[in-house]
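An overview of the molecular structure
Each chain, letter by letter, is given below.
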Number of protein chains: 2
Amino acid sequence: MNRNLLRLAPLCTEASRCLSLSAASAIKVTPPQLSQRFSKKSKHRRSDLLRVMATPEIEAQLEPYRAAVKEYGDKIRALKEQGAAKAEIAPLVVELKARKKRLEDKELELAPVDAGFQRDRLEDLLKRRFFYDQSFAIYGGVTGLYDFGPMGCSMKKNMLDLWRRHFVREEKMLEVECTALTPEPVLKASGHVERFADWMVKDVVKGDCHRADHLIKDFCEKQLQDAKTPEDVRTGLTDVLARLEGFDNHDMQAVIEKYNIKSPTTGNDLTEPVAFNMMFATQIGPTGDMKAFLRPETAQGIFVNFKRLLEFNQGKLPFAAAQIGSGFRNEISPRQGLIRVREFTMCEIEHFVDPEEKSYPKFSKVKDVELMLFSACNQMDGKGATKMSVGAAVEAGIIDNETLGYFMARTHLYLMRVGIDPAKLRFRQHLSNEMAHYAKDCWDAECLTSYGWIECVGHADRSCYDLLQHEAATKVKLAAEKKLTEPRLVTIVEAMANKAALGKAHKADAKKIYAALEQLTSEQVEELEKGTADGGAYALAVEGFEKPVELTDALVTVRRAEKKVHVEEVVPSVIEPSFGIGRVMYAVLEHSFRQREGDENRSFLALKPAVAPIECALLPISSNAALEPIVARVEEELMENEISYRLDNSSGSIGRRYARTDEIGVPFGITVDFESAEEPQTVTLRHAETMKQIRLKITELADLIQKLSNEKMTWAEAQEKYPAFETKEADS
Amino acid sequence: MNRNLLRLAPLCTEASRCLSLSAASAIKVTPPQLSQRFSKKSKHRRSDLLRVMATPEIEAQLEPYRAAVKEYGDKIRALKEQGAAKAEIAPLVVELKARKKRLEDKELELAPVDAGFQRDRLEDLLKRRFFYDQSFAIYGGVTGLYDFGPMGCSMKKNMLDLWRRHFVREEKMLEVECTALTPEPVLKASGHVERFADWMVKDVVKGDCHRADHLIKDFCEKQLQDAKTPEDVRTGLTDVLARLEGFDNHDMQAVIEKYNIKSPTTGNDLTEPVAFNMMFATQIGPTGDMKAFLRPETAQGIFVNFKRLLEFNQGKLPFAAAQIGSGFRNEISPRQGLIRVREFTMCEIEHFVDPEEKSYPKFSKVKDVELMLFSACNQMDGKGATKMSVGAAVEAGIIDNETLGYFMARTHLYLMRVGIDPAKLRFRQHLSNEMAHYAKDCWDAECLTSYGWIECVGHADRSCYDLLQHEAATKVKLAAEKKLTEPRLVTIVEAMANKAALGKAHKADAKKIYAALEQLTSEQVEELEKGTADGGAYALAVEGFEKPVELTDALVTVRRAEKKVHVEEVVPSVIEPSFGIGRVMYAVLEHSFRQREGDENRSFLALKPAVAPIECALLPISSNAALEPIVARVEEELMENEISYRLDNSSGSIGRRYARTDEIGVPFGITVDFESAEEPQTVTLRHAETMKQIRLKITELADLIQKLSNEKMTWAEAQEKYPAFETKEADS
């Protein structure tokens, strides 16, 4: 631990200044017209992987780009230290991001091509063996909707089961299942109705819609590919691409006008960018007066149940609730397969915690877990990600608190369990202008795929924003009580109605006025006190009344009293790990896709046994009837122990049949051969990834496969325990 | 088996006639304006349970009602045998149903009240301990939407896991996961856009909506409760109630006019009943030209993937696909808690099978399973349900085929595993007028609850309807190939274009005409042959053309050829078990709700270990520090073995703490007491339902609990194996 800390110390000298930049109180660069909670930027380049592979020659070429980033990082930090105004800093941040983008593009350009991966071959496999495919294909298909076939469905189920065991069971979280249908007021309070939108332009003649940033990006890239584009135009286009992520509607409109961008499909003029809300709208009930949406995230279902969950937890903080369920986002023009879809499975955790006590009791269990951290600091310095233990990162203040760090480490461990390649995983911290104003610290677990760096899991300390929003909208108190270490004396200020006078003046309305007085906050009571002083009046808003009620000191008296309180109210902070399970699954599939050395037509998926769609294949070496009773015995053994298997007793060669099961990621193959009949009956077990085999008794088989699937034994351990079996896999 | 068959023979003498009534080819009583697939009638009365309990006195009172039903059952059968016209039979069926309803009402009236069950107490428990509760309650709540809390969520998850093991894994079904968002054309083809509707009336002033049948029912019941309602009006109202289920919009409008029914909330006039489609509508994408719905059932997702699934199954029939997922129905005014909701989880199986071969290889494994069958015959005879083995029922032709019978038996076994009371379960066969015209045989598994008999699982032989509908809509062939036992010679009739002449006559259009000719069926080609004979012409419809093309024998020739075919195309029949998991769960909760003898305030849920939300409670008998290391050791043991538990180390008496865990259905309680410390360390294990305890070593604990949860051992067996532990449960 300390070793890491020492080694990494030079990187962290400016940690405090970078962090202050990314804290909630820090600058907000652009007015958050499209709030950052709702920003969906997730595609980053493969800079870090390269960092590992970078040669001195590559580093020399990157050096000026790194320096250019750092120049602006330093400028911004200096201004921040001088307490400069936000407006002064904002343009520098825009330039910083443009320079970061240029660095990443350069890294990508210099990266050696990943020769082992061809996306079209993986996609062909996934479609052909029905992991997943476009929905409603026989009706022409719908973009952004995918159906999972038997293999994908089983793999996803295994990933979700593992998620439940890894998070819900391990932390004793309260799992809930809320509806996808959500009435409008809930999503107004959460901010989605106003801000969950993308900028869209429309073909003025045909009405076809395009996502404005995608349209501009495609235009710029196409022009840059055209050799005839003059150098000065090139510079401008490159600059647009670098800044595009931070553009608002006006910026985009300016670009569209400047380059005279038309519809790519028709050549027609385009409208100005308009905000398109990405929620699917519907109506609940027949009257048409209850507007509703399909939830864009599962989190809100947890927030609106906070009171019940707190009660379930006997009123105590901290506790975490979790939910697995569908989210829906009406993307304007989805591309990129499972990465950007309109209906998807999310796994979200909302950990409710006292804002003043974010330590985590089990933190010591994970403190040595090493994460690849791409901190805000590193990003501003033009550096890559740095490997660091989560303990050291929290101690150095790079990760804001133990609870956030704990969940990041647990996410890392989960991603390892499902089969993410550790060399293709990083945690990227949000810069301050990427976060919503209320967020304290955010880290995305990003996986490197052929689409670039993809955000798969978000980790956000969202402070108490969500609960306060729902409390404001519903007037239902969403807070926990915290016992004070010693009782505290507080002064209570109350507005007491002069009931006789008020009753006489307002008759039947008096009761409502009493109720309104009781609702006043201390500040409001003090205002009332000032207002009614010296014969003045105070205008009291009363629910259901058209006009405020004028109150004088004859009708109301302000009273102060001392009171001993033993508890205080705490609106908990929320720390939210949020998983896009489809994205994780896609990254696992890319990271598991392999080709056999020397035979590139023989591709396979090296899936972890815990997530593989089928646990094992069962293959009699020939169709000889003598093997049948042994096969039946093995089948019974597997069924009895609820081990999933696929029997392939077709006539192909054993090698060809193995290739078929390897392709769909079946990790183990049981072969029944002519030796099997000898007492005690035995079979061979083959590990698909290494093609190595061992021989064991049928009675030992189920137990071993269960251990391998449940991660209680590794293949290497199995090889030590059982004798090896040598054979040549005939291919025909 | 044979014994059952003999004993039941007298009931079945008319089986063939009753079945012919309920076969697809039989009479259709009313024009299916609201198709029967979409009918949601599910509430039947508790006639069967009573049958078991009926005394001779009760039977004597019921006799005339039974005879009245049988009178019409016999009349209908007689007419059917004479080949009477549908129109002649229809009114008799309406009367039959009215008489059935009167019989059931009488049975209900005579039923002894189930003293052990109070729904309000169960509901209080489910809400208080957060099994489930109304969604968005802090926003005022939405009727028909429920959120599952930690207890409900866990119980439901366990039920779904068990469902997967019991059905998907056992039968090697192909599980899929399709989207809830469904484009309109898919649901047009399935019939939902046109027919998935309820009749609704609107308040002409306020616009409030009421489901017409509910409104009429409430009105009639209220009038009947009023002592001042004269006897002749009473008779009319009772008759309306009896016939209501079969009413169409005109019938309901007639009743509303006759009794001058007004809005129950405002007293205003009501509109005529209009059909309200119960699907939630939305739009996919930003243009607004892709109308879509949330799926009302998961089945369609399987049908549209039929081709891929057949390929996955190497082109072979039979196979079954399964899906677990959300369904959405925009009920007009949902009531009855979890029974009628707007968003719910379904588990559906579509078993695709050669229509000529519906035997089931594993049928012999279930043939002795006894089901309580309420056949169409029994219903027409005014009889109750009959206990019968599924083997005998298929043999006697009461259940149409082995596959359907197999799934019914498997459903029965599943319902037993999750905790349905066998005395409160029956399989009710649909009468012919309850089935869609294409359905061959339908049986609903109904559970008796305080809401009456509730349909929880449907079992339908839907013939090849769904696949043909989607094939017609998409022109994509949805059929399997079946190898003929020997090749067959068939005559092929083709319309051959005279290309030179046709090309000259139609120029650029000729190609489209060739294509249209290729699409003609044999029948159409023969029509063309007739049409073009003797210098005549045939009008050929061509896609994209405004008018048909006139063809003469100069332009087209009909050719006949013999061809040897080795396979034939088979459009599979679909046998569909369809589970409403929320309904099953609610029935399980009602059937498991108990009160301790002698202490009716102490209620508990006697849930099966396999579905209980938490597997065990862990209770140190006192807060003495000496017990802490033992508690920690037990916790570790449980965590290690992934056994869910709830630690209650609060200060209440052990009896009171047990009562708290009993209430939420925790089946086992581990007590750490002062004997526990003695080597080898032991604990006691208490069975919540019986309150009996045994004593065992900590090292044996995890294995025993796993066996009890996985149904590998019963509590009675555990009691035999381990010594009993006697104690008195102090209550305070």
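Residues numbered from 1 in each chain as written. Chains lettered and ligands numbered in written order. Predicted model: local features only at pLDDT ≥ 70, side-chain atom pairs only at ≥ 80, totals over all residues. Heavy atoms only, no water.

Here we take up the side chain of Asp198(B). Residue and element names in this part refer to chain B. Along the chain, Asp198 turns up in strand S6 (residues 197–202). Classification of Asp198 as buried rests on a relative accessible area of 9%. A distance of 3.4 Å separates polar atoms of two side chains, one belonging to Asp198 and the other to Arg211. (Helix = DSSP H or I, 4+ residues; strand = E, 2+ residues; numbered from the N terminus. Buried < 20%, exposed > 50% of the residue type's maximum accessible area, 1.4 Å probe, protein only. Polar contact = N/O pair within 3.5 Å; in protein donor to acceptor, adjacent residues only side chain to side chain.)

What follows covers the packing of aromatic side chains. The relation between two aromatic rings is expressed through the spacing of the ring centres and the mutual angle of the planes. One pass over the structure, following the stated rule, counts 34 aromatic pairs over all chains. Here the aromatic rings of Tyr406(A) and Phe407(A) are separated by 5.7 Å at their centres, their planes lie at 75°, and the arrangement is edge-to-face. Relative accessible area serves as the criterion here: at 1%, Tyr406(A) is assigned to the buried category. For Phe407(A), a relative accessible area of 1% corresponds to the buried category. Measuring from ring centre to ring centre gives 5.8 Å for Tyr451(A) and Tyr586(A), while their planes differ by 50°; the resulting arrangement is tilted. Within this pair, whereas Tyr451(A) is found in the loop between strand S16 (441–449) and strand S17 (452–461), its partner Tyr586(A) is found in helix H23 (residues 581–592), the two being separated by 135 residues in sequence. Judged by its relative accessible area of 2%, Tyr586(A) falls in the buried class. Of the aromatic side chains, those joined through ring pairs into one cluster are Trp163(A), Phe167(A), Tyr414(A) and Phe579(A). It is Arg426(B) that lies over the ring of Trp453(B); its NZ or CZ is 4.3 Å from the centre. It is Arg686(B) that lies over the ring of Tyr658(B); its NZ or CZ is 4.0 Å from the centre. (Phe/Tyr/Trp six-rings, centres within 6.5 Å; stacked < 30°, edge-to-face > 60°. Lys NZ or Arg CZ within 6 Å of the ring centre and 35° of its normal.)

All right, on to the domain arrangement of chain A then. Residues and elements named next belong to chain A. Taken as a whole, chain A is organised into domain 1 (56–110), domain 2 (119–193 + 281–467), domain 3 (197–277), domain 4 (487–568) and domain 5 (614–721). Each of domain 2 and domain 3 has a C-alpha centre, and the two are 31 Å apart. Between domain 2 and domain 3 the total buried area reaches about 700 Å² when both faces are included, carbon and sulfur atoms providing 45% of it. For the interface between domain 2 and domain 3, the tally reads two salt bridges. Close ionic contact of Arg335 with Asp218 constitutes a salt bridge, the shortest N to O distance being 3.2 Å. Connecting domain 2 to domain 3 are four residue pairs in polar contact (both at pLDDT 80 or more). (Domains from an automatic or database assignment. Buried area = accessible area lost by both parts, 1.4 Å probe. Salt bridge = Lys/Arg side-chain N within 4 Å of Asp/Glu carboxyl O.)

This next bit is on the nonpolar core. General note: in soluble globular proteins, nonpolar side chains tend to be found buried as a group. Of all hydrophobic cores here, the largest spans 221 residues; its most connected members are Trp163(A), Tyr414(A), Trp163(B), Leu373(B) and Tyr414(B). Those residues within four positions of Trp163(B) in sequence are excluded, and the remaining contacts are Val168(B), Ala322(B), Ile324(B), Cys347(B), Glu348(B), Ile349(B), Tyr414(B) and Phe579(B). (Core = buried A, V, L, I, M, F, W, Y, C linked by side-chain atoms within 4.5 Å. Contact = heavy atoms within 4.5 Å.)

On to the sheet that holds S6(B), then. All names here are of chain B. Overall, antiparallel pairing links the three strands, which are arranged S7-S6-S8 in an open sheet. Only two strands of the sheet have a single neighbouring strand rather than two, namely strand S7 (209–211) and strand S8 (274–277). The average undirected angle you get between the axes of adjacent strands in this sheet is 50°. Where S6 and S8 come together, four bridges link them in antiparallel fashion. In the strand pairing of S8, Asp198 is matched with Phe276. (Pairing = 2+ DSSP bridges. Axes fitted to C-alpha atoms, helices over the stretch in contact; angles between N-to-C directions.)

Residues and elements named next belong to chain A. The six strands are arranged S26-S25-S27-S28-S29-S30 in an open sheet whose pairing can be described as mixed. The open sheet has two edge strands with one neighbour each: strand S26 (645–647) and strand S30 (724–725). Two strands pair when backbone bridges link them, and strand S28 (residues 682–687) and strand S29 (residues 693–697) are joined in this way by five bridges, in the antiparallel orientation. Considered in S29, the bridge of Thr682 is made with Lys697. Helix H25 (residues 654–663) contacts strand S25 (616–620), strand S27 (668–672), S28 and S29 of the sheet and is inclined by roughly 165° relative to S25.

Mapping chain B onto chain A leaves a residual RMSD of 0.4 Å; the transformation is a rotation of 180° accompanied by 0.1 Å of translation along its axis. Given the turn and translation reported, the copies of this chain are related as if by a two-fold rotation axis. Nearest to the rotation axis, the C-alpha of Thr282(B) is located 2.7 Å from it, this being the minimum over chain B. Both copies present the same face, since 100% of the interface residues in chain B are matched by interface residues at the equivalent positions in chain A. (Least-squares fit on C-alpha atoms with pLDDT ≥ 70 in both.)

Turning to the packing of helix H10 (residues 212–225) of chain B against helix H12 (residues 249–258) of chain B, a few remarks are in order. Residue and element names in this part refer to chain B. Interaxial distance between H10 and H12 falls to 11 Å at its minimum, and their mutual angle equals 35°. The two elements H10 and H12 cross, and the hand of that crossing is left-handed. Residues Ala212, Asp213 and Ile216 of H10 pack against Met252, Val255 and Ile256 of H12. When grouped by side-chain class, the residues that make up the contact of H10 with H12 number five nonpolar, no polar and one charged. (Left-handed = near helix turned anticlockwise from the far one by under 90°. Nonpolar A, V, L, I, M, F, W, Y, C, P; charged D, E, K, R; others polar.)

Our focus in this paragraph is the interface of chain B and chain A. Taken residue by residue, the interface counts 81 residues in chain B and 81 residues in chain A. Across the chain B to chain A interface the summed buried area is about 6700 Å²; carbon plus sulfur atoms make up 62%. The largest share of the area that chain B buries against chain A comes from Ile138(B), Tyr139(B) and Arg308(B), three residues that together contribute 12% of it. Applying the counting criterion to the chain B and chain A interface returns six salt bridges. A salt bridge links Lys156(A) to Glu177(B); its shortest N-O distance comes to 2.4 Å. For the pair chain B and chain A, the number of links is 30 residue pairs in polar contact (both at pLDDT 80 or more). Considering each element in turn, the side of chain B that touches chain A owes the most residues, eight residues, to helix H7 (residues 150–169) of chain B. For the side of chain B that touches chain A, the residue count by class is 41 nonpolar, 17 polar and 23 charged.

What follows is about the environment of Val571(A). Within the fold, Val571(A) resides in the loop between strand S21 (556–570) and strand S22 (573–580). Apart from the residues lying within four places of it in its own chain, the contact partners of Val571(A) are Pro355(A), Cys464(A), Leu467(A), Leu468(A), Leu478(A) and Ala479(A).

Quick look at the UniProt feature "domain: Aminoacyl-transfer RNA synthetases class-II family profile" (unreviewed entry) in chain A now. If you check UniProt for "domain: Aminoacyl-transfer RNA synthetases class-II family profile" (unreviewed entry), the listed places come out as residues 260–609 of chain A in our numbering. Between the C-alpha atoms that bound residues 260–609 of chain A there is a distance of 54 Å. The span itself is 28% helix and 35% strand. (UniProt positions renumbered as here; feature names shortened; annotations may be inferred.)

Our next topic: unusual backbone geometry. Residue and element names in this part refer to chain A. Residue Pro680 is reached from Glu679 by a cis peptide bond, and omega for that bond is -10°. Topologically, Pro680 is positioned in the loop between S27 and S28. Of note, Gln314 is a non-glycine position whose phi angle comes to about 55°, a positive value. Structurally, the position occupied by Gln314 is in the loop between helix H14 (306–312) and strand S11 (319–328). By relative accessible area, which is 55% here, Gln314 ends up exposed. The backbone of Lys507 shows a phi angle near 45°, a positive value even though the residue is not glycine.

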